[in-house]
Amino acid sequence: MITLKEAMKLHKSDIAHLRDDLKKEIEKKKEIGAYVEQLTNKNISEYMDGIPIAIKDNIQVNGWEVTSGSSILQGYIAPYNATVINNLLHSGFAPFGRTNMDEFAMGSSTENSFYGVTKNPHDYSRVPGGSSGGSAAAVAAGIAIAALGSDTGGSIRQPASFCGCVGMKPTYGKVSRYGLGAYSSSLDQIGPITQNVEDAAILYDVIAGHDFHDSTSANIAHKKVSDFLSPDRKMTIAVIENYLQEANDDVREKMLDGIKALESAGHKIIYKNFINTKYDIATYYIIATAEASANLSRYDGVRYGNRAQSGNLKDMYLNSRSYGFGEEVKRRILLGTFVLSSGYYDAYYIKAQKARHLIKHQYEEIFKEADLIFAPVAPTPAFEFGSKKDPLEMYLSDAYTISLNLAGLPGISIPLGKNIKGLPIGGQLIAKAYGEQELFDGALSLERELKGEIG
Amino acid sequence: MQINDKLLTKLEKLSAVQIDSNKREEAIEELNKIVGFVEILNELDLSQEKATFTTLKGGTPFREDNPHVNDEIIDTILKHAPKSENRYFVVPKIIE
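Now for a description of the structure that goes with this document. It should be emphasised that the depicted structure is a prediction, and the values quoted were computed from it without experimental measurement.

Within the largest apolar cluster, 136 residues are counted, with the highest numbers of intra-cluster contacts made by L88, L148, Y363, F374, L429 and F440 of chain A. Excluding anything up to four places from it in sequence, L429 of chain A contacts I237, L372, I373, F374, P410, G411, I412, I414, L439, G442, A443 and L446 of chain A.

The subject of this paragraph is the pattern of salt bridges. This structure, assessed with the given rule, holds 31 salt bridges over all chains. One salt bridge in this structure joins K28 of chain A and E25 of chain A, with 3.6 Å as the shortest N-O distance. One end of the pair is K28 of chain A and the other is E25 of chain A, both in helix α2 (residues 12-28) and three residues apart, which spans about a single turn. One salt bridge in this structure joins R252 of chain A and D249 of chain A, with 3.2 Å as the shortest N-O distance. Pair noted here: R252 of chain A and D249 of chain A are both in helix α9 (residues 249-264), with a separation of three residues, about one helical turn. Taking the relative accessible area as the measure of exposure, R252 of chain A reaches 27% and is therefore partly exposed. Owing to a relative accessible area of 55%, D249 of chain A belongs among the exposed residues under this scheme. The network of salt bridges with shared partners includes E328, R331 and R332 of chain A together with E30 of chain B.

Attention now moves to the interface of chain A and chain B. In this assembly, 63 residues from chain A lie in contact with 53 residues from chain B. When chain A packs against chain B, close to 5,300 Å² is buried across both sides, 70% of that on carbon and sulfur atoms. Per-residue buried area on chain A facing chain B is highest for Y279, L334 and H357 of chain A; these three make up 12% of the total on that side. Across the contact surface, chain A and chain B share three salt bridges. For the side of chain A that touches chain B, the secondary structure elements donating two or more residues are α10 (277-295), α11 (313-324), α12 (327-340), α13 (346-367), α14 (391-396) and α15 (402-407) of chain A. The dominant element in the side of chain A that touches chain B, judged by the number of residues it contributes, is α13 of chain A, at 12 residues. For the side of chain A that touches chain B, a count of residues per class yields 32 nonpolar, 18 polar and 13 charged.

All names here are of chain A. The step from G130 to S131 runs through a cis peptide bond, and the omega angle for that step is 10°. Relative to the elements of secondary structure, S131 occurs in the loop between β2 (93-99) and α5 (133-140). Look at A105: it is not a glycine, yet its phi comes out positive at around 65°. Here A105 is to be found in the loop between β2 and α5. Accessibility expressed as a relative area gives 7% for A105, which makes it buried.

Another aspect to go through is the sheet that holds strand β10 (residues 424-431) of chain A. All names here are of chain A. In spatial order, the strands read β2-β1-β3-β5-β4-β9-β10-β8-β6-β7; together these 10 strands make up an open sheet with mixed pairing. Two strands bound the open sheet, and with one partner strand each, they are β2 and β7 (268-272). Sheet twist, expressed as the mean angle between neighbouring strand axes with direction ignored, is 30°. Pairing of strand β4 (residues 166-169) with strand β5 (residues 189-194), which is carried by two bridges, proceeds in the antiparallel orientation. Along β5, the bridge assignment pairs G167 with I193. Along the sheet face, helix α7 (residues 197-207) touches β1 (51-56), β2, β3 (146-151), β4 and β5 and points at about 145° away from the line of β5. Here α9 sits on the sheet in contact with β6 (236-240), β7, β8 (372-376), β9 (411-418) and β10, set at roughly 155° to β8.

An α-helical turn contains 3.6 residues, so a residue and the one three or four places further along point in the same direction. Residues and elements named next belong to chain A. Burial within α5 is extensive, with seven of its eight residues counted as buried. Every buried residue belonging to α5 is among G133, G134, S135, A136, A137, A138 and V139, and all of these are buried. Of the surrounding elements, those touching the buried residues of α5 are β1, β2, β3, α6 (157-163) and β5. Where α5 terminates, the next one or two residues include G142, which has phi positive at roughly 75°.

Criteria and cut-off values
- Residues numbered from 1 in each chain as written.
- Chains lettered and ligands numbered in written order.
- Predicted model: local features only at pLDDT ≥ 70, side-chain atom pairs only at ≥ 80, totals over all residues.
- Heavy atoms only, no water.
- Core = buried A, V, L, I, M, F, W, Y, C linked by side-chain atoms within 4.5 Å.
- Buried < 20%, exposed > 50% of the residue type's maximum accessible area, 1.4 Å probe, protein only.
- Contact = heavy atoms within 4.5 Å.
- Salt bridge = Lys/Arg side-chain N within 4 Å of Asp/Glu carboxyl O.
- Helix = DSSP H or I, 4+ residues; strand = E, 2+ residues; numbered from the N terminus.
- Buried area = accessible area lost by both parts, 1.4 Å probe.
- Nonpolar A, V, L, I, M, F, W, Y, C, P; charged D, E, K, R; others polar.
- Pairing = 2+ DSSP bridges.
- Axes fitted to C-alpha atoms, helices over the stretch in contact; angles between N-to-C directions.

Have a look at this one:
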């Protein structure tokens, strides 16, 4: 597949050809189910002309059905563009196809979509990761040049790792959330999933910047990173030692390859420890579910989407929501309602807010000595469909990605290689808030070193 | 065991979500397992930490209170709403 950087050099007529070819390829590779259109036998959604970018099904594109992978939003038509979509259009890109996702971005495997599952292009018996599994699978399968996803607890980085792509989560506030279906507003960020680091930097530059429509958008002028990529700059990179020890053998082996590559690229490696990931997971599932229970109260069958027929208003609310939401979404709404309810608020929600400070402080301590942090993305490579039936076990698979969202920091998942079964394994670099330039510089240096070693 | 049948009923009422009667037992068990897990936060010393959190310096900004309307958006939403009439959403009777 042509890279994003190459596509930007194409003439208008070549782009039209590219779009046609892409449509044929998407039709041919229907079995993967990366796009909602592949799963519903519909024509690929389009909006304006331009270099095609696949869009996760929770980002508003004017006139498209945008459903967050949920039954409750069937029939909803987006009435406006998300800011990131307008930004794409201004730069000559165009939204092209809706990528499959876990319902309301709640999941780590894309098994919780109303439309059915997306397959991992490297092994059809395995999940692509989630919740942006469709975006990662589309890029990995060569049926998208690049895609947008959203990351609340790892939903860009983990599927990128499982599918062998690059996935980047920006600093909280760098990319506008206006027009993104809200899951957990203090954690959600939109970001790029691409074939390589440079494409990720290009797409990040296109979508980043202040937006008055989003009151949590950082009011800082955006400084382009893609024009100033310097992979030769030497940095101090902290490896999280206890994560390395906990991860499975395949992941540890690839992480060690990554560390070696960073060293031979001239970076200084230091070792640090983080509190047990169990505390991150506990903090995340309190805060994310609390915010979700509030955010998802808007889906009640009155104004948009699916309404269940009922004789009175109260039953209409109850039935629309009970039939419209899937099991995981209901579980998280109930959990969020619990941690916010009178009598439990202090013991759970307030405690999690306090723990969030502790997690952020830990990062700040490490960044006193290091420019970047290097850690695994997930404890294992892509797992098989249906292998994590226990919700808690699924939550544990987010162990290494969620602390970054809690602290609001930027991170990028980079392919480190494949295990003996041919499954990709990713490693993530993490930077200080607004440290995207360091992040991409380090990522590019790692990517080049690894490619050099392979080739 | 924090969550029992009575508390689940209360949570269902608060969140306007209902669990099928044949799945109640399983739902209670799963919720308790998750609540039991998140209680490990009690092991941390959090006495010095603040109870509110924001990653934004100075908090979120205030906006001028200027009303603005985009008719196109309203029309699109009404057109695709489950039921609408004369630019209103229609819902079942509220007062019996």
